[in-house]
Amino acid sequence: IQRQMAHLQAIDWIWSTRQEQSGIPQKIDIAIVLTKCDVEPSLQTPDAVRDFFRRRVPGLDAKLRERADQVAYFPLSAVGATEADPTTGRAIPAPRPHPFGYADIVRWIIRRRRMQRWGALARTATVGVLLLAAAVIGWWGYHSIRCTAAETILAGRDLPAATRLEQTRDCPCEVVQLGRN
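Residues numbered from 1 in each chain as written. Predicted model: local features only at pLDDT ≥ 70, side-chain atom pairs only at ≥ 80, totals over all residues. Heavy atoms only, no water.

## Section: the pattern of salt bridges
- Throughout the structure, instances matching the rule amount to 7 salt bridges.
- Residues Arg 112 and Asp 29 are paired through a salt bridge, measuring 2.9 Å at the closest nitrogen-oxygen approach. Linking Arg 112 in helix α4 (residues 102-155) with Asp 29 in strand β1 (residues 29-34), this pair joins segments that are 83 residues apart in sequence.
- Judged by relative accessible area, which is 14%, Arg 112 ranks as buried.
- The exposure class of Asp 29 is partly exposed, given its relative accessible area of 21%.
- Here Asp 51 ties to Arg 50 by a salt bridge, and the two come within 3.3 Å at their closest N and O atoms.
- Since its relative accessible area comes to 36%, Asp 51 is described here as partly exposed.
- A residue is classified by how much of its surface remains accessible, and Arg 50, at 24% relative accessible area, is partly exposed.
- Several salt bridges share partner residues, and in doing so they unite Asp 29, Asp 69 and Arg 112 into one network. (Salt bridge = Lys/Arg side-chain N within 4 Å of Asp/Glu carboxyl O. Helix = DSSP H or I, 4+ residues; strand = E, 2+ residues; numbered from the N terminus. Buried < 20%, exposed > 50% of the residue type's maximum accessible area, 1.4 Å probe, protein only.)

Structure follows, in structure tokens:
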């Protein structure tokens, strides 16, 4: 129990320190790696490791899932299989080791990094598209208002023709140019 509390306090301290430094609550990805999975044959899959971890340390697991963006569970074995030592009965590595779990962890890290990179790129692209759309809409609105004002000036008969032409000479609108001719 004391060990679990120490883990929970360490997690709380890390997260509170990060939030104080940035001012923004930050979530991170966490990988739970259960080692020596060769000793227990039922711990060969991520689902089995997750269930085992949740049964053994439910408070720690709940705290990690609450604070993390994603929690992944991985079985890992440095030797892949063990056998009983004929003299002592203790588990020893098999003569032909075949470690497992390392590639899955590396793939997960690479995927998460790519997702973070693409997420930042997507946010930047979205802002860029929105700014471009605002610029186009703003230009179109300005152009439209100028053309409407020029058309009104040209259609009005209260000003002399020379004045109307002078006031609309800078308007690039085709309708206004036709009206000027």
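## Regarding the layout of surface pockets
- Reported here for the largest pocket is a volume of approximately 240 Å³.
- Around the largest pocket, the lining comprises 10 residues; the ones closest to its centre are Arg 3, His 7, Phe 53, Val 57 and Leu 60.
- Sorting the residues of the lining of the largest pocket by element identifies α1 (2-22), β1 and α3 (58-67) as the ones contributing at least two each.
- Of the residues contributing to the lining of the largest pocket, the split by class is 7 nonpolar, 2 polar and 1 charged.
- Its boundaries defined by the atoms lining it, the second largest pocket holds a volume of some 160 Å³.
- What lines the second largest pocket is a set of 13 residues, among which Lys 36, Asp 38, Ser 77, Ala 78 and Val 79 lie closest to the centre. (1 Å grid on protein atoms, 1.4 Å probe; cavity = no way out; pocket = protein on both sides within 12 Å on 5 of 7 lines; lining within 4 Å. Points joined across faces, edges and corners; volume = space filled by probe spheres on them. Nonpolar A, V, L, I, M, F, W, Y, C, P; charged D, E, K, R; others polar.)

## A word on the environment of Leu 165
- Looking at the secondary structure, you find Leu 165 in helix α5 (residues 161-167).
- Judged by relative accessible area, Leu 165 falls into the partly exposed class, the value being 32%.
- Distance in space between the C-alpha atoms of Leu 165 and Ala 150 is 9.3 Å, their sequence separation being 15 residues.

## Observations concerning the nonpolar core
- Grouped together as the largest cluster of nonpolar side chains are 16 residues, with contacts concentrated most on Ile 30, Ile 32, Phe 53, Leu 60, Leu 64, Val 71 and Tyr 73.
- For this core, the secondary structure elements donating two or more residues are α1, β1, α2 (46-56), α3 and β2 (70-75).
- Counting residues per element, this core draws most heavily on α2, which supplies 3 residues.
- Dropping the residues within four chain positions of it, Val 71 is found in contact with Ile 30, Ile 32, Leu 64 and Arg 65.
- Listed in part, the 5 residues of the second largest apolar core include Ala 72, Phe 74, Leu 76 and Ile 105. (Core = buried A, V, L, I, M, F, W, Y, C linked by side-chain atoms within 4.5 Å. Contact = heavy atoms within 4.5 Å.)

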